[in-house]
Amino acid sequence: MGAQVKTIERKGSSLQERLYLPEIFKGMATTFGHLWRNLLDNRKLYVRHYPEVQPEIPVRWRGRHRLTTHEDQTVKCVACFMCQTNCPANCIMIEAGERLDGKAEKMPVKFNIDLLECIYCGYCVEACPVDAIRMDTGIFSVTDNNRESFVLGLEELLTTPGAFSEEEYKKGGA
Ligand code: SF4
Ligand code: SF4
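Residues numbered from 1 in each chain as written. Chains lettered and ligands numbered in written order. Predicted model: local features only at pLDDT ≥ 70, side-chain atom pairs only at ≥ 80, totals over all residues.

**Focus on the domain arrangement of the protein**
Per the domain assignment, the segments making up the protein are domain 1 (8-47) and domain 2 (66-171). Placing the centre of domain 1 and that of domain 2 at their C-alpha centroids yields a distance of 50 Å. (Domains from an automatic or database assignment.)

Here it is in structure tokens:
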């Protein structure tokens, strides 16, 4: 069966549109209408005076990464490489070492995340079988003046605190 083709007649521009100027005035009227309305009463404008007023970060929002620890402050990560394997941007680099505290066989001796490559997809968090990596720091602004500073290391990942309580995090369904 052949495809049914519906031909739509092109109407072209009306005389008013072809004259051009009336349309320009219509557009300008809309622009100035908004301008005056906002000048006289800007309460409905969604303006945030950043950085004085910081945004509210919800629990599920994916911010800068951190590595979580056990209650005794030992690293939770068991160097299974699941996050590195699943990372679509290939920006996680882990080096595993032997673990001697009896909690697991391995632990990371090196754990780097290149934030300039990261696309903040959250796959690393989802892939982790032991909840060792999270993106719940609430850090949304990452700035510096050299590329090296954007590579997070193990120390930095372990010492960055989460922005939410354990209860909030779990309730947020992250
Ligand atoms: S958020 Fe995505 S891109 Fe970034 S480190 Fe995790 S898996 Fe890789
Ligand atoms: S952070 Fe999680 S997924 Fe990544 S290596 Fe450690 S335990 Fe495995």
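Next comes the rest of the account.
**Some thoughts on the site of ligand 2**
In the vicinity of ligand 2, 13 residues are found, and the nearest of them are Cys77, Cys80, Met82, Cys83 and Cys128. Within the shell around ligand 2, the residues separate by chemical class into 13 nonpolar, no polar and no charged. (Near = placed C-beta within 6 Å. Nonpolar A, V, L, I, M, F, W, Y, C, P; charged D, E, K, R; others polar.)

**Some details on the site of ligand 1**
Lining the immediate surroundings of ligand 1 are 13 residues, of which Cys87, Ala89, Cys118, Cys121 and Cys124 lie closest. Residue composition of the shell around ligand 1, by class: 12 nonpolar, one polar and no charged.

**Structural notes on the sheet that holds strand β2 (residues 92-98)**
Spatially, β2-β3-β5 is the arrangement adopted by the three strands of the open sheet, whose pairing is antiparallel. With partners counted over all chains shown, the strands left at the sheet margins are β2 and β5 (151-152), one partner each. Two elements, β2 and strand β3 (residues 106-114), share seven bridges in a ladder whose sense is antiparallel. Considered in β3, the bridge of Ile94 is made with Phe111. (Pairing = 2+ DSSP bridges. Helix = DSSP H or I, 4+ residues; strand = E, 2+ residues; numbered from the N terminus.)

**What to know about the nonpolar core**
Membership of the largest hydrophobic core comes to 17 residues, with the highest contact counts inside it found for Leu67, Cys77 and Ile133. For this core, the secondary structure elements donating two or more residues are β2 and β3. Excluding its chain neighbours within four sequence positions, the residues that come into contact with Cys77 are Leu67, Met107, Pro108, Phe111 and Ala132. (Core = buried A, V, L, I, M, F, W, Y, C linked by C-beta atoms within 7 Å. Buried ≥ 20, exposed ≤ 12 C-beta atoms within 10 Å, placed from the backbone. Contact = placed C-beta atoms within 7 Å.)

**Quick look at the pairing of β3**
Alignment of β3 against β5, held across two bridges, turns out to be antiparallel. Of the residues in β5, the one forming a bridge with Asp114 is Val151.

**So, unusual backbone geometry**
Each neighbour pair has its own omega, and for Tyr50 with Pro51 the value is 10°, a cis peptide bond. Among the structural elements, Pro51 can be located in the loop between α2 (21-40) and β1 (66-67). Even without being glycine, Gln73 reaches a positive phi, approximately 70°. In this fold, Gln73 is placed in the loop between β1 and α3 (82-86). By the C-beta count within 10 Å, which is 7 here, Gln73 ends up exposed. Residues other than glycine seldom take positive phi values, yet Phe81 does so here, at roughly 70°.

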